[in-house]
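What the coordinates show
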Amino acid sequence: MENQEAEGTLEAAKTEVQRKSLDQREQMTDLMRLRHSCAHILATAVLRIWPDALLDIGPPTDEGYYYDFDLKSHRFSPEDFPRIEEEMRKVMKENQVFERVEKARDEARAYFEVRGQRYKTERLADIPEGETITFYQNGEFVDLCAGPHVMRTGNVKAFKLLKVASAYFRGNEKNPQLQRIYGTAFKTKDELETWLRMQEEAKKRDHRRIGAEMGLFAFDAEYVGPGLPLWLPKGTVLVEELERLAKETEFAAGYVRVRTPHLAKEKMYRTSGHLPYYAESMFAPMEFKEAEADEVATRYYLKAMNCPHHHRIFAAEPRSYRDLPLRMAEYGTCYRYEQSGELFGLMRVRSMQMNDAHIYLTPEQFTAEFNAVNDMYLKYFKIFGLDRYLMRFSTHDPSRLGQKFVNEPELWKKTEDMVRDVLKSSGINYVEVPNEAAFYGPKIDVQVWSAIGREFTIATNQVDFAVPARFGLVYRDRDNTDKTPLCIHRAPLGTHERFIGFLIEHYAGNFPLWLAPEQVRVLTIGEEAPLTEYAQSIVAELRAHQVRAEADLGNNPIKAKIQDAEVARVHTMLVVGGRDLAAGQVSVRLHSKGPQGARPRAEAIAQIVEAIRDRGS
RNA sequence: GCCAGCUUAGCUCAGCGGCAGAGCAACGGUUUUGUAAACCGUGGGUCGUCGGUUCAAUCCCGACAGCUGGCUCCA
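Residues numbered from 1 in each chain as written. Chains lettered and ligands numbered in written order. Predicted model: local features only at pLDDT ≥ 70, side-chain atom pairs only at ≥ 80, totals over all residues. Heavy atoms only, no water.

**Some words on the overall build of chain A**
Assigned secondary structure in chain A consists of 20 helices and 27 strands. Referenced to the eigenvectors of the C-alpha coordinate spread, the extents of chain A come out at roughly 85 × 75 × 55 Å. Residues counted as buried form 51% of the 617 residues belonging to chain A. Looking at chain A alone, contacts between residues at least 24 apart form 72% of all its contacts between residues at least 6 apart. For chain A, the exposed area adds up to about 29,500 Å²; of that, 50% sits on carbon and sulfur atoms. A distance of 2 Å separates the average location of the 85 positive side-chain charges in chain A from that of its 92 negative side-chain charges. (Helix = DSSP H or I, 4+ residues; strand = E, 2+ residues; numbered from the N terminus. Buried < 20%, exposed > 50% of the residue type's maximum accessible area, 1.4 Å probe, protein only. Contact = heavy atoms within 4.5 Å. Areas by Shrake-Rupley, 256 points an atom, 1.4 Å probe, with all protein chains shown as cover. Lys, Arg positive; Asp, Glu negative; His and termini not counted. Charge placed at Lys NZ, Arg CZ, Asp CG, Glu CD.)

Right, dumping it as structure tokens:
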């Protein structure tokens, strides 16, 4: 499984279609139009304050808009916002008309060249011959722009500048870095306020915040290293429950489990073909001489993916067509040296454990097997109540065969057709993205959106018809000849790190019973010995059933104990006082759902045990 | 890796060129309880690290580290 993640590529796909036709632009929503106009107002204000700013572009986004500037004389910081916003308000008060002007190409080029607006000159060159070139003008501000806009600057009434950032011109690292200002705008002040409030709420669901509150994981950059998460006991519960789910599911689907070391010799990654492309993303190798007499040092790499090890397991024994499909699973730990600026909580880390498996099969087995993998994805999505997802089907670009993609035109076509058929026939929500495949075959990445709107590639599913051959993997076929198997890489639960990061935000830390780090807490009202013993015996019985149960026997008032348990997001609270002891019952309370009434002790315990087994809510 | 911002007690955050602060948490005691915070007390800090300016630096300046927001990357 090569890529833990692939966010950003959809962005690339969007850029492909960024040159929208004028018809498409006409369909821009009112809100987009408003935001786009606000971006122009932002640029108007910036130019008034810093007349030497060079302009790039200022499109609307899902959240608002931005405008990119090249400004040598000043570095934007949030401290500039009040000043810029004030100038923007002036522009709005002036109520300038947004006026559309068509220009001939030469005229447009001359306009920007005279003003030294070199980014605009380049943008102008992007516009295909024959397309109408339009400028929009408001007051003194003129911009190359296809529009559309609102009528007047005064139409924008609710806006706010949000953050400064940098961005490479055309998104290319080799180009100059521009200063970007992000802002947002809404039709009404109320809508803006509501959105800002929602942003605040979203912060509370941030997995980093909840992870710290609940004691799930920690980072120790000083002693362990950046991007290397430590799983605390409560987070480890999540990890192990997910592993249990995966093991049960895979066992039922006919997988076998393997275990492999965390490192391998350089030869492994030379053979797999990863090293030339991937070395930068791997931790630097360990190098040493195995024996005094060795002339040359041996290099070991921490593994960045599990497939080569699995391939060697395939090669460890002779294989017959009767052994296929061979489904080899491992929650393998991988290490990737992600660039420092890319690290992001649990979502982007340098050590990760993957829900990996490699399925070795014959071409005839492909459709059935790929379908089965797909079904497993859907099964998981259902368990986690994941309904907002998109499968991104990445295919090759025939013009880059032999470079970016292995030169097997027929295999490419055949496997892509097979994958497409499966996706179509299962009625799954998917998009096809050309030129994004792995070098060894087409892939499907599963995109999900967390509750706070973050988009992630959470899982991946790839077809590999190249690497098994590089390792010389063969099986003896019916006709007594050796043949190279196909391989499906799949990781429906992605990596623990990212998947749990996602689940934390998905559930806002309020995990379903089967996942909850603390499933049950027994709270006593009073400290009399018989009551304490009653509570302890309930906890003991629950634990005997493998339920994660704790007791709060302290001397705090019951209100305080409930407060503590609610804040700790304990799934089920069993309140016991004198009445309950006398009746052999417990008073059930569910996290953020309130009291559920009293029931006999045995019944309550049986219910809990059953609910955990069913992996329900 | 690049641009910008941030870094003060376990957590959330005040503060300021001149003795380091609050709330929550922790700990000790009092209270003995019926569904989201009882009361009293105690401890807790190299103000990220290193260097500079200054009579004096948590505060000003610089470098570094980490984190955050973006960008880039993610086979």
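We are not done yet, so read on.
**Observations concerning the sheet that holds strand β4 (residues 133-138)**
Judged by pairing direction, the sheet is antiparallel, and its three strands sit side by side in the order β3-β4-β5 without closing on themselves. What marks the edges here is a single partner per strand, and that holds for β3 (99-103) and β5 (141-144). Adjacent strand axes in the sheet meet at a mean angle of 30°, parallel and antiparallel pairs treated alike. Taken together, the five bridges between β3 and β4 define a ladder with antiparallel strand orientation. Bridge assignment links Glu102 to a residue of β4, and that residue is Thr134. Strands β3, β4 and β5 of the sheet are contacted by helix α5 (residues 105-115), whose axis makes an angle of about 45° with β4. (Pairing = 2+ DSSP bridges. Axes fitted to C-alpha atoms, helices over the stretch in contact; angles between N-to-C directions.)

**Let's talk about the side chain of Arg336**
The residue Arg336 is located in the loop between β14 (326-335) and β15 (351-361) in this model. For Arg336, a relative accessible area of 2% gives the class buried. Side chain to side chain, Arg336 and Tyr278 meet in a polar contact 3.1 Å long. (Polar contact = N/O pair within 3.5 Å; in protein donor to acceptor, adjacent residues only side chain to side chain.)

**Quick look at the environment of Met391**
Assignment of secondary structure puts Met391 in strand β16 (residues 389-395). Residue Met391 is classed as buried on the basis of its relative accessible area of 1%. Met391 sits 115 residues away from Pro276 along the chain, and the two C-alpha atoms are 29 Å apart. The contact partners of Met391, leaving out residues within four places of it in the chain, are Asn374, Tyr377, Phe381, Leu423, Ile428, Asn429, Tyr430, Val431, Ile444, Asp445 and Val446.

**What about the packing of aromatic side chains?**
Counting across every chain of the model gives 26 aromatic pairs. On the basis of an interplanar angle of 45° and a centroid distance of 5.9 Å, the ring pair of Phe384 and Trp514 is categorised as tilted. One end of the pair, Phe384, is in the loop between α13 (366-383) and β16; the other, Trp514, is in the loop between α16 (496-507) and β23 (520-524), and 130 residues separate them in sequence. Given a relative accessible area of 2%, Phe384 falls into the buried group. Aromatic ring contacts, followed pair by pair, group Trp50, Tyr67, Phe69 and Phe76 into a single cluster. (Phe/Tyr/Trp six-rings, centres within 6.5 Å; stacked < 30°, edge-to-face > 60°.)

**What to know about the environment of Ile49**
Mapped onto the elements, Ile49 comes out in helix α3 (residues 30-49). On the accessibility criterion, Ile49 (18% relative accessible area) is buried. Sequence separation between Ile49 and Trp412 is 363 residues, and the spatial gap between their C-alpha atoms is 55 Å. Those residues within four positions of Ile49 in sequence are excluded, and the remaining contacts are Arg83, Ile84 and Glu87.

**A look at the pattern of salt bridges**
According to the stated counting rule, one finds 43 salt bridges in the structure shown. Arg569 is the salt-bridge partner of Glu213, the closest N and O atoms lying 3.1 Å from each other. Here Arg569 lies in the loop between α18 (558-567) and β25 (572-576) and Glu213 lies in helix α8 (residues 207-214), a separation of 356 residues in the sequence. Look at Arg569 and you get buried, because its relative accessible area is 16%. Ionic pairing is found between Asp479 and Lys483, a salt bridge with its closest N-O pair at 3.2 Å. Look at Asp479 and you get partly exposed, because its relative accessible area is 45%. (Salt bridge = Lys/Arg side-chain N within 4 Å of Asp/Glu carboxyl O.)

**Things to note about the confidence of the model for chain A**
Of the residues in chain A, 95% have a pLDDT of 70 or more, and the chain-wide mean is 87. Contacts for the low-pLDDT stretch residues 1-24, under 50 throughout, to residues beyond four places or in other chains number 61 contacts. (pLDDT = per-residue confidence, 0-100.)

**A word on the nonpolar core**
Core analysis: the largest hydrophobic core is formed by 106 residues, its most contacted members being Phe384 and Phe511. Considering every element that reaches this core, the biggest residue donor is α13, with seven residues. Residue contributions to this core reach at least three from each of two domains, namely domain 2 (217-288 + 297-507) and domain 3 (520-614). For Phe384, the contacting residues outside a window of four places in its chain are Leu242, Leu245, Leu493, Phe499, Leu503, His506, Tyr507, Trp514 and Leu515. (Core = buried A, V, L, I, M, F, W, Y, C linked by side-chain atoms within 4.5 Å. Domains from an automatic or database assignment.)

**Considering unusual backbone geometry**
Note on backbone geometry: most residues besides glycine have negative phi, and most peptide bonds are trans. In the segment running from Leu324 into Pro325, the intervening peptide bond is cis, with an omega of -5°. Its place among the elements puts Pro325 in the loop between α12 (307-315) and β14. Although it is not a glycine, Asn435 adopts a positive phi angle of roughly 70°. Tracing the sequence through the fold places Asn435 in the loop between β17 (430-434) and β18 (443-449). With a relative accessible area of 21%, Asn435 lands in the partly exposed category. A positive phi angle, near 55°, is found at Ser592, a position not held by glycine. If you trace the backbone, Ser592 turns up in the loop between β26 (585-590) and β27 (594-600).

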